[in-house]
Amino acid sequence: MTKTIEEWIKFYEEKSKVKYEPPDNRVKQFYFPDRGFAEIGASKNMVIIHQLCGDAKFWKNVAEVLAMQLGIKHLGTWCIRKIEPYIRFFGVEIERVEDLGEGLKRYHGKLKDTGKSAVFTPNFRNKNGNIGYIVTWEI
């Protein structure tokens, strides 16, 4: 399905229930009509995927290629969706679940295709009460 960037942003807001915020100058927005958009930035040790809508696996691959070009071995993002389906979607095998109290859990796993580690840490609750996770993984 192809969409304009404005249509992808509208879809993002409807699906996530989060208001889209244009990226600042530390983040580059990438857009393909048939893949959606992703905003990707880098720190010294990590490539970070910010707002994203569309083909998440494609955008993960794009971020990994950018990290490889920069010599960076870690990627990070946020997840505001239900975390266990998200973990399965990205092919992560859960190795350990850490109980953090108050119904919060940190998931430690490895990517099935590479064997590299991935961690999913609860970080905030949005205005709807949903838990937001920081997601980090090795490439």
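These notes cover the structure that comes with them.

Procedures and definitions
Residues numbered from 1 in each chain as written. Predicted model: local features only at pLDDT ≥ 70, side-chain atom pairs only at ≥ 80, totals over all residues. Heavy atoms only, no water. Core = buried A, V, L, I, M, F, W, Y, C linked by side-chain atoms within 4.5 Å. Buried < 20%, exposed > 50% of the residue type's maximum accessible area, 1.4 Å probe, protein only. Helix = DSSP H or I, 4+ residues; strand = E, 2+ residues; numbered from the N terminus. Pairing = 2+ DSSP bridges.

### Re the nonpolar core
Next, step 1: Among the nonpolar cores identified, the biggest contains 25 residues, and Ile 83, Phe 120 and Tyr 133 are the most heavily contacted of them.
Next, step 2: Of all elements in the fold, only β2 (36–42), β3 (47–54), α2 (56–70), β4 (74–79), α3 (83–89), β6 (104–111), β7 (117–125) and β8 (131–138) reach the threshold of two or more residues within this core.
Next, step 3: Top element by residues in this core is α2. It accounts for five residues.
Next, step 4: The next biggest cluster of nonpolar side chains, apart from the first, holds seven residues, and it includes Ile 5, Ile 9, Tyr 12 and Cys 53.

### Here we look at unusual backbone geometry
For residues besides glycine, phi is generally negative; the peptide bonds are generally trans as well.
Next, step 1: Even without being a glycine, Lys 17 presents a positive backbone phi close to 60°.
Next, step 2: Looking at where Lys 17 falls in the secondary structure, it is placed in the loop between α1 (5–16) and β1 (27–32).
Next, step 3: Within the chain, Glu 102 stands out as a residue other than glycine whose phi angle is a positive 55°.

### Here we look at the pairing of β8
Next, step 1: Looking at chain direction, β4 and β8 are connected through six bridges and run antiparallel. Looking across to β8, one finds that Gly 76 is bridged to Thr 136.
Next, step 2: Where β7 and β8 come together, seven bridges link them in antiparallel fashion. Bridge assignment links Thr 121 to a residue of β8, and that residue is Ile 134.
Next, step 3: Between β7 and β8, which pair antiparallel one after the other, the connecting turn spans five residues, and Gly 129 there sits at a positive phi close to 90°.

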